[in-house]
Every structure is written in structure tokens, then in C-alpha cells.
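The primary structure of each chain is shown beneath.
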Amino acid sequence: MTSSSSPSQDAKRTAHAYPEGLRADALMEEDVAWSHEIDGERDGEQFDRSERAALRRVVGLSTELEDVTEVEYRQLRLERVVLVGVWTTGTAQDADNSLAELAALAETAGALVLDGVIQRRDKPDAATYIGSGKALELRDIVLETGADTVICDGELSPGQLIQLEDVVKVKVIDRTALILDIFAQHAKSREGKAQVALAQMQYMLPRLRGWGQSLSRQMGGGRGGLATRGPGETKIETDRRRIREKMAKMRREIADMKTGREIKRQERRRNKVPSVAIAGYTNAGKSSLLNRLTGAGVLVENALFATLDPTVRRAETPSGRLYTLADTVGFVRHLPHHLVEAFRSTMEEVGDSDLILHVVDGSHPVPEEQLAAVREVIRDVGATGVPEIVVINKADAADPLVLQRLLRVEKRSIAVSARTGQGIAELLALIDEELPRPEVEVEALVPYTHGKLVARAHTEGEVISEEHTAEGTLLKVRVHEELAADLAPYTPVSAG
């Protein structure tokens, strides 16, 4: 028969059973009596030994240089950044302007720029981009400013990225990754998101890294056998294969979306509606100009790449001719080729247009550089044969000498201000003059029972004169050949 005893009596027996020096060890045993009434208030909340020995995550200590367990893109949670540039060609002012643009990109992505440094070199260092000695100096700047990210003004190779991170001990990204992050933030449409995702995967594929077990072998793919024979794939190889599969799927989806846009484009061609594409440097005021010309109500913000998804709006010339106006994605110098490739279908709006309004920021310190960067991308998408009007925007804030220089150098150019409306009427007249005109001039007396032909003459052609008579509508119009053939039966027979 068992007997019960009180907790206090058990504690006394335990004290007598152990020598004095072992009493502390005995008190640590799990079967030592414990009373909630006696010990609860003194010891507070109790935990199991397993919980006390477990690892506890301390929030806010991550450096983001830890392993990635799946195919995931290291999010650019930029807060405090230091900018680094390598000056290889041009003047010191050119290098400063390039770094200033990088700072604007970083701020658009949500970063606080703490410092920026430039190194003069013949070419970037193959190992650490700026050289081992300067990398150590950069580490001191990072420690001094408390930065958590370094942004390089160029595209780093995977080796440069790894070795520079090893020296500075914080996350390092390049200009391409920064632009991709901005695009990811601003993409709203399904197609825009798909294009950004494709560009991100193209960028990340050669830059996947693994630590520890991420490089270990997975089981082989052979059939049967106790452990499926063969060396198998490493984890990083599996990740690369998954990325390639996702990229193939994304390309198919973008191709399907391209088909829908091509159908709309063919409809405009069938109706002979001229198209005008607005192209230009990011933040040059393209969306503001679109709103001023059409009242489209597109988002306008003083930020780089504020508008990412293309917008097509209907507009009318002063003479009454209809045309479409398309706002395209903004360009920037050294635009990553991943983005040019991913957004090629969207940029086809520029190549298929009848006229390009090339918008440039007249208040920029070096607008000629913006013109050159945009024309390089226009050449990449095969739109060099499209007529171009250079629209020098922000004329109200520009230096008059800069405006005069641009107007003198660019033969087909006009200075406007989308904010105040200055020069907009002259721009509309210039668009009317430059748009392709129907090739056939016809005079026809259309019966009132065939009003559709009159409506087509207004929408598809250019009405020179119109008079309502007792027999019908007397039209003098300039139209394309197809409509001219439909109007031919109503051409009045000349007297005589």
C-alpha cells in the first residue's frame, strides 16, 4: 500500500538524502516537488525544459545575407543606402549626374540615401567592382553611416556581387536590380506584372546562390533502387530548373496577351486611324502631356517610372481628324536589357505608330543625354523609321539658353509646358501637319440615305469642305483608296 505525503515533507527528505554539496543538483531534477500555492508567486510563469532550451529569434538582427530555402527573390527593403559609382569615361560632371540619377532611383524605391562615392578607373575591377582597397574604405563608410545596403551604379557580375558583399558585410545590389524593384512596385496591369516577373527571373537566374545544405545533392532520378541511384541534382540546380520552367510559362502568357493587343491594333489599322506614341525619358512629363492633350486622367507623380503600364487614348486634331495617343513606359540610361526584352511587346506601340512625340525634360541639366538614351532604346525596338517630333517639356522651368540650344539643334522640335499649357496649341497643329494624310482627294454627292459613307469620311479621312444640297451631301474629302472606291459611284459628272 502506498502512502501519500505533503510536498513540504518530500522536500525535507530530499534535503537529508543528499549531501550539502549535491543539494543544488538535486533541486534541479524534474521530479522535485513544486507547489503552485507556495512557489507560483515567487517563480512566476514556468516553462518546460525543452522550451527554455529552444532557439529564440531576436527581431531586427537579420543582415539579409542568410540562406534562401526556395527560389525567392531577395526583397529590396531599402532603408539606408550608400551609392558607389565607377567613372570610366566622360567628365566629372557626367559622373556626378549619373550618381544623382541613381540617388533619384533609390529614393523612388523607398530608400534614404546617406552618402555617395565615385572612383576614377579605366574599367570596373573584375573582382570587387571598385578594387580591394576601395572596398575596405567603402566598408568603413558603411560602418560610419550605419547603412544596410550598398547600390552600385552599374550591372555587377555574380562574382563581383558576392565578393563585394563579403568585404562590406551588408547587402549589395546593382542598378539593374534597383530598376527591377521599382518596376515591380509600379506594375498594376496583369501584363505589366508578367513582364516584370520575367525580367526579374532573367536577372536572378545566373545570380542564384546557396549556402550549406543548399549545395548538397538531392536523390538521383533513377527508377527503383533503395535510394534512387545516380548523383542527382544539387538544390541550386533544382532552383534553376524551376526558374527556367516559370520563365517559359511567363513567355507563353505574355505572347497570349500580345495577341489581344495586336487584334486591337489591327482594328485601328483597318479603320485607318493614325497613331501617335509618346516616348521619352522617365519623369520627363509624358503622362502630364497625355492628360493635357486628351484629358486622360493618367497618374502624374514627380517620381521615376511613376507610370509603367501603357495607356492608349483617343484624340482629335484641330481639323477634326481622329488619332490615337499612346503613353509608353519611360526610358532611362543603361536601361537593363532584361527589361527591353521583357517589355518589347509593349514597346511595339512605338514601332507601329505613325508619329513619335519624343518628350525631353527641358529643365534637366543635360537634356541631350536623355535624348541619346531614348533614341538608343527606340533603335533597339526597330522604330528608327518612324517620324519624330522632339517635345521639350517643362519650358516654364527651363533655362532659356538651354531651350534655344535644343530648338536650334533639333530641327523638328517645339517647346511646351504640360503644367501651364504653354505651346500645347502649337503642338496640336504640328501633330495635325505631321500625321500621314489620306492619299486620294475625292468630290462626291452622297445621298442622304447613305449617311454611313459621310460618317466614314469624317472618321477615316480628312474633310476639306461639306455642303448640304437638295440631292444630298456634297463632300470634298481626302481619303484612302478603299473609301475612295466606295465614294466613286457618287462622284458628280462634270458639266460639259
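Analysis parameters
Residues numbered from 1 in each chain as written. Predicted model: local features only at pLDDT ≥ 70, side-chain atom pairs only at ≥ 80, totals over all residues. Heavy atoms only, no water. UniProt positions renumbered as here; feature names shortened; annotations may be inferred. Helix = DSSP H or I, 4+ residues; strand = E, 2+ residues; numbered from the N terminus. Buried < 20%, exposed > 50% of the residue type's maximum accessible area, 1.4 Å probe, protein only. Areas by Shrake-Rupley, 256 points an atom, 1.4 Å probe, with all protein chains shown as cover. Pairing = 2+ DSSP bridges. Axes fitted to C-alpha atoms, helices over the stretch in contact; angles between N-to-C directions. pLDDT = per-residue confidence, 0-100. Contact = heavy atoms within 4.5 Å.

The chain is annotated in an unreviewed UniProt entry as GTPase HflX of Streptomyces murinus. Of the chain, the UniProt comment under Subunit (unreviewed entry) reads exactly: "Monomer. Associates with the 50S ribosomal subunit."

Turning to the overall build of the chain, a few remarks are in order. Scanning the chain from N- to C-terminus turns up 18 helices and 13 strands. Among the 496 residues that make up the chain, the fraction classed as buried is 43%. A total of about 27300 Å² of accessible surface is found on the chain, and carbon and sulfur atoms cover 52% of it.

The next point concerns the sheet that holds strand S5 (residues 275–280). With respect to topology, six strands assemble into an open sheet ordered S6-S7-S5-S8-S9-S10, the strand pairing being mixed. Every other strand in the sheet has two partners, leaving strand S6 (311–316) and strand S10 (413–415) as the edge strands with one partner each. Pairwise comparison of adjacent strand axes, ignoring direction, gives a mean angle of 25 degrees for this sheet. Pairing geometry for S6 and strand S7 (residues 322–327), over six bridges, is antiparallel.

For the chain, per-residue confidence averages 75 on the pLDDT scale, and residues scoring 70 or more make up 72% of the total. Summarising per-element confidence for the chain, the mean pLDDT is lowest in helix H2 (residues 23–27) (45) and highest in S10 (93). Predicted confidence for residues 1–34 stays below pLDDT 50, and this span has 14 contacts to residues more than four positions away or in other chains.

Right, let's get into the sheet that holds strand S12 (residues 462–468). The antiparallel open sheet is built from three strands, whose spatial order is S11-S13-S12. The outermost strands of the open sheet, each flanked by one partner alone, are strand S11 (440–446) and S12. The mean inter-strand angle of the sheet, taken between neighbouring strand axes irrespective of direction, is 10 degrees. Direction of pairing for S12 relative to strand S13 (residues 473–479): antiparallel, over a ladder of six bridges.

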